[in-house]
Structure formats: C-alpha cells, structure tokens
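The chain contents come next:
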Amino acid sequence: MKIPTTRSLIRISKRYLRIGVTPEEYDEYNLDQRIRFVFLHGKDISRIVAYGIVRGPILGRLLNRPVAWMLRELMTPDELSSAWRQILSSTSTTSFGIIIASAAALNKMQPLASRNESANETRS
C-alpha cells in the first residue's frame, strides 16, 4: 500500500472519527468486545482500508465500495485490523514536522560547510 493522497486522508479521517476507537484501544479488547467491534464497525474499517488501496479522485470514489466488499469477503478480521493499523500509521504527518524543523534550523545566510571545503581545496 502506498501513502494515501490528501483526498484519501480526508475520507479516511472522516471514517476513523466515526468509529471513535483507536488501534491501541482495540488491542486491549477481549474476545467479546472484538466481535462486537467487528459487527459495529467492520464496514467502516474495510472502507478505510479500501481508501488506502484505491487512490485517485475518480477511482477512489468509484471503486471504494466494491474493494471494501471484496476485503470483507476475502480477509480475516485479524488481517483487516492489521491493514487498518497500517493505513492509520501511514496517515501520520510527523515526517513533515521533522522536515520543517530541520529547514528552520538552517541558517540561510551562512554558506554550507561542503561548499567552503570545496572552495578551499580549489584555492590550494
């Protein structure tokens, strides 16, 4: 699975907020609670995974329901919950925060060290 597009992330977020359960809370459930969770939210989970698989503005809308149905038919609940976790972990935007912090730490007025070293070597 690739990282979902922004449009897919918005659709995934909408479904995820509708469920109201985090993967960490799901891990703490007992068997009865897991069965109830799959009964109540199985369709939403399969749609979230389908949005992660089928990307694009047109195909994401057209093929989401058939792919979600196929996932419900062919995957076990454990596989589907693992795919759900995978999709939710790929929706993190922390990597952008790291890039922004490193760009802010650079002094744009100071020349880069590699440029200074190569200039000194050519002068020698």
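The preceding data block contains the structure.
Residues numbered from 1 in each chain as written. Predicted model: local features only at pLDDT ≥ 70, side-chain atom pairs only at ≥ 80, totals over all residues. Heavy atoms only, no water.

Helix length check: helix H1 (residues 6-19), at 14 residues, gives a terminal C-alpha distance of 20 Å against a target of 20 Å (1.5 Å per residue), a fit within 8%. Along H1, the residues classified as buried are Ser8, Leu9, Arg11, Ile12, Arg15 and Ile19. One side of H1 holds all its buried residues, which, seen down the axis, span an arc of 165°. Facing away from the buried surface of H1 by more than 90 degrees, the exposed residues are Thr6, Ile10, Lys14 and Leu17. Taken together, the buried residues of H1 touch helix H3 (31-53), helix H4 (59-62) and helix H6 (77-90). Positive phi shows up at Gly20, right after H1, with a value of about 80°. (Helix = DSSP H or I, 4+ residues; strand = E, 2+ residues; numbered from the N terminus. Expected span 1.5 Å × (residues − 1). Buried < 20%, exposed > 50% of the residue type's maximum accessible area, 1.4 Å probe, protein only. Arc of directions from axis to C-beta. Contact = heavy atoms within 4.5 Å.)

The next thing to look at is helix H5 (residues 64-74). Three or more residues of H5 are buried, namely Asn64, Val67, Ala68 and Leu71. Projection of H5 onto a plane perpendicular to its axis shows the buried side chains occupying an angular sector of 100°, all on one side. In H5, the exposed residues that point more than 90 degrees away from the buried face are Arg65, Trp69, Glu73 and Leu74. For H5, the elements touching its buried residues are H3, H4 and H6.

Now for the packing of H1 against H6. The contact between H1 and H6 brings their axes to 12 Å, and the two run at 120°. Between H1 and H6, the crossing angle belongs to the class labelled oblique. With respect to the hand of their crossing, H1 and H6 are arranged in left-handed fashion. The residues of H6 that touch H1, namely those facing Ile12, Tyr16 and Ile19, are Trp84, Ile87 and Leu88. Here the residues of the contact of H1 with H6 are counted per class, giving six nonpolar, no polar and no charged. (Axes fitted to C-alpha atoms, helices over the stretch in contact; angles between N-to-C directions. Parallel < 35°, antiparallel > 145°, perpendicular 65-115°, else oblique. Left-handed = near helix turned anticlockwise from the far one by under 90°. Nonpolar A, V, L, I, M, F, W, Y, C, P; charged D, E, K, R; others polar.)

This part covers the pattern of salt bridges. Evaluation of the coordinates by the stated rule reveals three salt bridges. Salt-bridge contacts for Arg18 lead to Asp44; the nearest nitrogen and oxygen are separated by 3.7 Å. Of this pair, Arg18 sits in helix H1 while Asp44 is found in helix H3, placing the two residues 26 residues apart along the sequence. Since its relative accessible area comes to 11%, Asp44 is described here as buried. (Salt bridge = Lys/Arg side-chain N within 4 Å of Asp/Glu carboxyl O.)

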